[in-house]
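Close look at the chain arrangement
Chain by chain, the residues:
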Amino acid sequence: MNTITTTALLEQLSWRYATKQFDAARKIPGEIWAAIERALVLTPSSFGLQPWKFVVVSDPAVKKSLVASSWNQSQPADCSHHVVFAARRSLDEVEIDRFLDSIVAARGGARADLAGYRGMMAGFAAKAAKEGWAKEWAIRQVYIALGNFMTSCAVLGVDACPMEGILPDQYDRILGLEGTDFTTVVACAAGYRAADDKYAKLPKVRYAAADVIQHV
Ligand SMILES: Cc1cc2nc3c(=O)[nH]c(=O)nc-3n(C[C@H](O)[C@H](O)[C@H](O)COP(=O)(O)O)c2cc1C
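Each chain carries its own residue numbering, running from 1 in the direction its sequence is written. A pLDDT threshold of at least 70 governs which residues receive local features in this predicted model, and a stricter bar of 80 or more applies before side-chain atom pairs are shown or counted, although totals over entire chains, interfaces and linings include all residues.

**Section: the environment of cysteine 188**
Helix and strand definitions here come from DSSP, where helices need a minimum of 4 consecutive H or I residues and strands a minimum of 2 consecutive E residues; each element is numbered from the N-terminal end. In this fold, cysteine 188 is placed in strand β4 (residues 182-191). Residue cysteine 188 is classed as buried on the basis of its C-beta count, with 22 C-beta atoms lying within 10 Å. Along the primary structure cysteine 188 and glutamine 141 are separated by 47 residues, whereas in three dimensions their C-alpha atoms are 15 Å apart. Here the contact rule is simple: place C-beta atoms from the backbone, and any two residues whose C-beta atoms are within 7 Å are in contact. Aside from chain neighbours lying at most four places away, what touches cysteine 188 is Val83, Phe85, Leu146, Phe149, Met150, Ala160, Cys161, Pro162 and Met163. Burial is judged by counting other C-beta atoms within 10 Å of a residue's own C-beta: 20 or more means buried, 12 or fewer means exposed, and anything between counts as partly exposed, with every C-beta placed from the backbone.

**Here we look at the packing of helix α5 (residues 93-107) against helix α6 (residues 115-131)**
Fitted lines through C-alpha atoms serve as axes, helices being fitted only where they are in contact, and the angles separating the N-to-C directions of these axes extend from 0 to 180 degrees. Between α5 and α6, whose axes approach to 10 Å, the crossing angle comes to 150 degrees. By the angle class used here, α5 and α6 are roughly antiparallel. The crossing of α5 and α6 is right-handed. Only Arg118, Met121, Ala122 and Ala125 of α6 make contact with α5, whose side of the interface consists of Glu93, Ile96 and Leu100. Class assignment for the residues of the contact of α5 with α6 results in five nonpolar, no polar and two charged. Note that the term roughly parallel is reserved for angles under 35 degrees, roughly antiparallel for angles over 145, roughly perpendicular for angles of 65 to 115, and oblique for everything else. By the definition used in this description, the sense in which the near helix is turned from the far one sets the handedness, with an anticlockwise turn below a right angle giving left-handed and a clockwise turn giving right-handed. When residue character is reported, Ala, Val, Leu, Ile, Met, Phe, Trp, Tyr, Cys and Pro are called nonpolar, Asp, Glu, Lys and Arg charged, and the others, Gly included, polar.

**What about the nonpolar core?**
Any set of buried Ala, Val, Leu, Ile, Met, Phe, Trp, Tyr and Cys residues joined through C-beta atoms within 7 Å is what this text calls a nonpolar core. Counting 37 residues, the largest nonpolar core has Phe85, Val142, Cys188, Ala189 and Ala190 as the members making the most contacts within it. Mapped onto this core, the elements with two or more residues apiece are β1 (52-57), β2 (81-88), α6, α7 (134-155), β3 (159-163), α8 (168-175) and β4.

**Comments concerning the environment of threonine 19**
Take threonine 19: it is sitting in the loop between α1 (6-15) and α2 (30-41). Spatially, the C-alpha atoms of threonine 19 and tyrosine 199 are 7.2 Å apart, while their sequence positions differ by 180 residues. Those residues in contact with threonine 19 that sit more than four places away from it in its chain are Gln75, Asp159, Ala160, Cys161, Arg193 and Asp197.

**A word on the site of the ligand**
The full set of residues close to the ligand is Tyr17, Ala18, Lys20, Gln73, Cys161, Pro162, Met163, Glu164, Gly165, Val186 and Lys204. Element by element, the count of residues in the shell around the ligand is highest for β3, at three residues. Within the shell around the ligand, the residues separate by chemical class into six nonpolar, two polar and three charged. By convention here, the C-beta atom is placed from the backbone, and a residue is near a molecule or strand when that atom is within 6 Å of it.

Quick look at the structure:
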């Protein structure tokens, strides 16, 4: 085990902030970005089904074109990597079987041993489809990835700005997600803060622990 100290964790979580102005000249080094992408892949999800796609936008022209679809916020253009978090629109047995195949590939064993697990997930998917909340469920999983991404960035000294101030339909069109299994939910710009971003120096605004944490 190679844990970081409690002090280091809390320092990094206090250091991070929703970056408004990125230094457009600074790019995230390849080795650091590779670790952040791996952190995305390692995100846990309900059943392990990973109902998501992470579109990493680093092409300057595409990043710039996303500004107009981001309430004219400048972060997509000026950041180093703009990550678009997309959710699977629906869940079916084809996808469940693909996931079960990946379990066998990773852990070995017989596919037949997973019959019970398959039945449980198929029942879940059928209920989600019938009641119309499969996409909502996938969106909840996507937000776990967003949190994991932001914390990973912070721990590695990379700035980020989570962004719900975007137009998902326009993102889907620009990124070619229309008509695919995935649709845009939220984005997160990553890079390095501009020296003059005044938001970096503002005190954190958080309710007291006693207000939000209940011990029983
Ligand atoms: C899901 C989500 C969406 C957000 N969308 C935006 C956004 O579109 N633009 C922006 O500047 N900040 C956005 N924020 C940043 C929040 O306003 C910010 O995280 C919050 O005020 C706490 O401040 P801090 O992150 O600087 O500690 C978003 C945050 C989250 C978690």
